[in-house]
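Coordinate inspection notes
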Amino acid sequence: MRTIVEPKERIDTLWGIQRTDTAVIYRMMRYVIRVDHNGSVFLQNVITGQLVKLDQAEAELLEKLPATFTPEMEQLIEHQFIVPDDFDEHQRVVGIRSILRKLADKQEKPGINHITIFPTTACNARCYYCFEKGVKPETMTEQTANDVVEFLQKHSGGKKLWIRWFGGEPTVGADRISQICEGLHQREIDFSSKITTNGYLFDEKMVEKACSLWNLDSAMISVDGTRERYNRVKAYVNACDDPYEQVMNNIGLLLAHGVHVNLRMNFDKQNYLEFKEILEEAGNRFNGNPLLNVYVHQINGHYQNVDSSLIQGDEEWFSEMILELNNLSRSMGLLHKKSELPRLEYKWCIAARDDAVTILPQGQLVSCPERMNPDQYKGDLKHGVNNKDLICFWKQFADYERCWDCCLFPECVKILNCAGKDRCLYKLERLNQIKELVCNLADISADEQ
Ligand code: SF4
Ligand code: SF4
């Protein structure tokens, strides 16, 4: 066995070395991904993160499992690629996660530095699938924006801030964004920001400000299909003749100023066939700019067509489409976001983290940007985070039996109170990504030898 990627030290220490027992039957550990490439066998341990290339004898013994001990098994046993038949790796993962969470709670330096800010809940578009339907449009006042700066200075613990502007449509509250950023610059607080936006209100002036004042690193801009559908679905208030053209031009402006753009097509059964056209257009307009990624994301919820037919796909349809459409984008050189090999994760989402908070337009603090009801207020700008029950509410994790046998279980953390906890749409795509990564790393390691 030859190690290509070392295991993560901390997890490996907790996971430990497995001793050989010549009296038991061994089988493959459930959380191992096998990749066959150029006549060799590679194993990725999804708990420790270790990637190994097997020698001939080890590869052959895999075909004979389950089996009693043979000397070729030694290293595979030691690094827990194979385990005794009655071993419960699911419980081991649950146990290690629990230890890591307790250690993190004790060791983490205090300080909130991952902040989602709603300058406004108002929006200039009217997408039929918006999850914020019914939310009262409110824009932050100048006083609240000042309080945001005070809050960040007081609670960041001197750490660099990672800010995400969210809404509503955050650019509707662009003045408040600028005001908060000016305050941070004046106090010499280091920060970087990204924005989730429809991109319509950007212009040369705003893009310049975004770079020089907002420290904007990336923009996630969503579209709903090609020109005709986009203009119909977005249904902008006080729209110009062709909002689609305007947004495409603004994407060009952002890219020209060095801002990464993640162009996301929200899709369902009505529009998925238009993705290819979006890719062709992005390819022609932006000439393979490496700052641009184009990909799809499912529309959640249940919506009907004019003829009452359901336009939502089921989980299987969405999973297959996400894989197929994103692969198409990759093959056209329009999706090159880097991903990492999997390993055991124990936190994942901002709602469960003590170093993250979401600030609403009136200064209330919540955990999840998609849950803004008053019963979710866990504090405010003046008093900080002070609702212990809500902190615990967001630190409960789901543990579905249907996931126990999934090889991705160690990296897939599900929050019990997350609205999306029951969805599993990215498994096929993730497995595909991992296989590609393993093949690339195997090729690099072969070249180096
Ligand atoms: S949600 Fe999907 S990817 Fe995650 S562990 Fe469950 S089956 Fe696997
Ligand atoms: S919707 Fe779910 S995954 Fe997203 S922030 Fe909220 S809790 Fe986390």
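Keep in mind that this is a model prediction, so the values were computed, not measured.

1. As for the overall build of the protein
- Scanning the protein from terminus to terminus reveals 13 helices and 17 strands.
- Counting only C-alpha atoms and orienting by the principal axes, one finds that the protein spans roughly 75 × 50 × 50 Å.
- Burial analysis of the protein (449 residues in total) assigns 35% to the buried set.
- Restricting to contacts in the protein with at least 6 residues of sequence separation, those with at least 24 account for 75%.

2. Examining the sheet that holds strand 7 (residues 82–84)
- Pairing within the open sheet is antiparallel, and its three strands lie in the order 6-2-7. Each edge of the sheet is formed by a strand with only one pairing partner; in this case those strands are strand 6 (67–68) and strand 7.
- Pairing of strand 2 (residues 25–28) with strand 6 involves two bridges; the strand directions are antiparallel. Across the sheet, isoleucine 25 pairs through a bridge with threonine 68, a residue of strand 6.

3. Topic: the pairing of strand 14 (residues 356–359)
- Across four bridges, the pairing between strand 8 (residues 114–117) and strand 14 is parallel. Looking across to strand 14, one finds that threonine 116 is bridged to threonine 358.
- Across two bridges, the pairing between strand 14 and strand 15 (residues 364–366) is antiparallel. Residue pairing across strands places threonine 358 opposite valine 366, the latter belonging to strand 15.

4. Observations regarding the sheet that holds strand 5 (residues 51–53)
- Taken together, four strands build an open sheet; the order of strands is 1-5-4-3 and the sheet is antiparallel. The sheet is open, and its two borders are formed by strand 1 (2–5) and strand 3 (32–37), each paired with just one other strand. The average undirected angle you get between the axes of adjacent strands in this sheet is 25 degrees.
- One ladder, built from six bridges, connects strand 3 with strand 4 (residues 40–45); its direction is antiparallel. By the bridge assignment for strand 4, valine 35 is matched with phenylalanine 42.
- Against the sheet, helix 13 (residues 427–448) touches strand 1, strand 3, strand 4 and strand 5, its axis set at about 55 degrees to strand 3.

5. A closer look at the site of ligand 1
- Surveying the vicinity of ligand 1 reveals the residues Cys403, Cys406, Leu408, Phe409, Cys412, Cys424 and Lys427.
- Residue composition of the shell around ligand 1, by class: six nonpolar, no polar and one charged.

6. Quick look at the site of ligand 2
- Contacts to ligand 2 come from Cys349, Ile350, Ala351, Cys368, Pro369, Glu370, Ile415, Cys418, Ala419 and Gly420.
- Partitioned by chemical class, the residues of the shell around ligand 2 number eight nonpolar, one polar and one charged.

About the thresholds
- Residue positions are given per chain, counting from 1 as you read along its sequence in written order.
- Following the order in which they are written, the chains are lettered starting with A and the ligands numbered starting with 1.
- Where local features are concerned, this predicted model is filtered to residues with pLDDT of at least 70; where side-chain atom pairs are given and counted, the filter is 80 or more; whole-chain, interface and lining totals use all residues.
- Secondary structure follows DSSP: runs of H or I at least 4 residues long count as helices, runs of E at least 2 residues long count as strands, and numbering of each begins at the N terminus.
- The burial criterion counts other C-beta atoms lying within 10 Å of a residue's C-beta, which is placed from the backbone; the residue is buried at 20 or more, exposed at 12 or fewer, and partly exposed between these limits.
- This entry defines residue contacts through backbone-placed C-beta atoms, with two residues in contact when those atoms are within 7 Å.
- Any two strands between which DSSP finds at least two bridges are classified as paired.
- Note on definitions: angles span 0 to 180 degrees between N-to-C directions of axes, and those axes are lines fitted to C-alpha atoms, for helices only across the stretch in contact.
- As used in this record, a residue near a molecule or strand is one whose C-beta atom, placed from the backbone, is within 6 Å of it.
- Each residue gets one of three labels, nonpolar for Ala, Val, Leu, Ile, Met, Phe, Trp, Tyr, Cys and Pro, charged for Asp, Glu, Lys and Arg, and polar for the others, Gly among them.

None of this, on its own, says anything about what the molecule does.
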